[in-house]
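Remarks on the overall topology
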Amino acid sequence: IDRQLIREHVREGLDDFRACYRDASAEGLEGAVPAVLRFTIGGDGGVLDAEVRIDAVGGEVLGACLEEALGRLRFPPVPGGGMVRISYPLRFVPS
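Two strands pair when backbone bridges link them, and strand β1 (residues 33-41) and strand β2 (residues 47-54) are joined in this way by seven bridges, in the antiparallel orientation. When the bridges of β2 are listed, Ile41 appears paired with Val47. What sits between the antiparallel neighbours β1 and β2 is a turn of five residues, in which Gly45 has the positive phi angle 95°.

Here's what the structure looks like:
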């Protein structure tokens, strides 16, 4: 799958991702938070699994919410019906 297509589809989830950050901030998460979204896209374009790595105190709430949001994303079908593993960095900053 083309990188630009991945980027476009991840951006479709940005409102949900920002809501996750706001909720986690209300729970005590502070400051800028780097995150790495790791997920697998199945042959039909659905997200098969999602894992979020966050190295910040209180990042568990944000990570769980992001994993849920990632699971709702849809991507183009994978050519040949295979699977694609993606690692996507994001940085959340207070507004």
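We now examine the sheet that holds β1. Pairing is antiparallel in the open sheet, where three strands are placed in the order β2-β1-β3. In this open sheet, the two strands that pair with only one neighbour each are β2 and β3 (84-92). The mean angle between the axes of side-by-side strands here comes to 20°, regardless of whether they run parallel or antiparallel. Helix-sheet contacts for helix α3 (residues 59-71) involve β1, β2 and β3, and the interaxial angle to β2 is about 160°.

Let us look at the environment of Arg85. Relative to the elements of secondary structure, Arg85 occurs in strand β3. Residue class for Arg85 comes out partly exposed when judged on its relative accessible area of 45%. Distance in space between the C-alpha atoms of Arg85 and His9 is 15 Å, their sequence separation being 76 residues. The contacts of Arg85, once residues within four sequence positions are left out, are Arg38, Phe39, Thr40, Asp49 and Glu51. One polar contact links Arg85 to Thr40, side chain to side chain, over a distance of 2.9 Å.

Thresholds applied
Residues numbered from 1 in each chain as written. Predicted model: local features only at pLDDT ≥ 70, side-chain atom pairs only at ≥ 80, totals over all residues. Heavy atoms only, no water. Pairing = 2+ DSSP bridges. Helix = DSSP H or I, 4+ residues; strand = E, 2+ residues; numbered from the N terminus. Axes fitted to C-alpha atoms, helices over the stretch in contact; angles between N-to-C directions. Contact = heavy atoms within 4.5 Å. Buried < 20%, exposed > 50% of the residue type's maximum accessible area, 1.4 Å probe, protein only. Polar contact = N/O pair within 3.5 Å; in protein donor to acceptor, adjacent residues only side chain to side chain.

On their own, these measurements won't tell you what the molecule is for.
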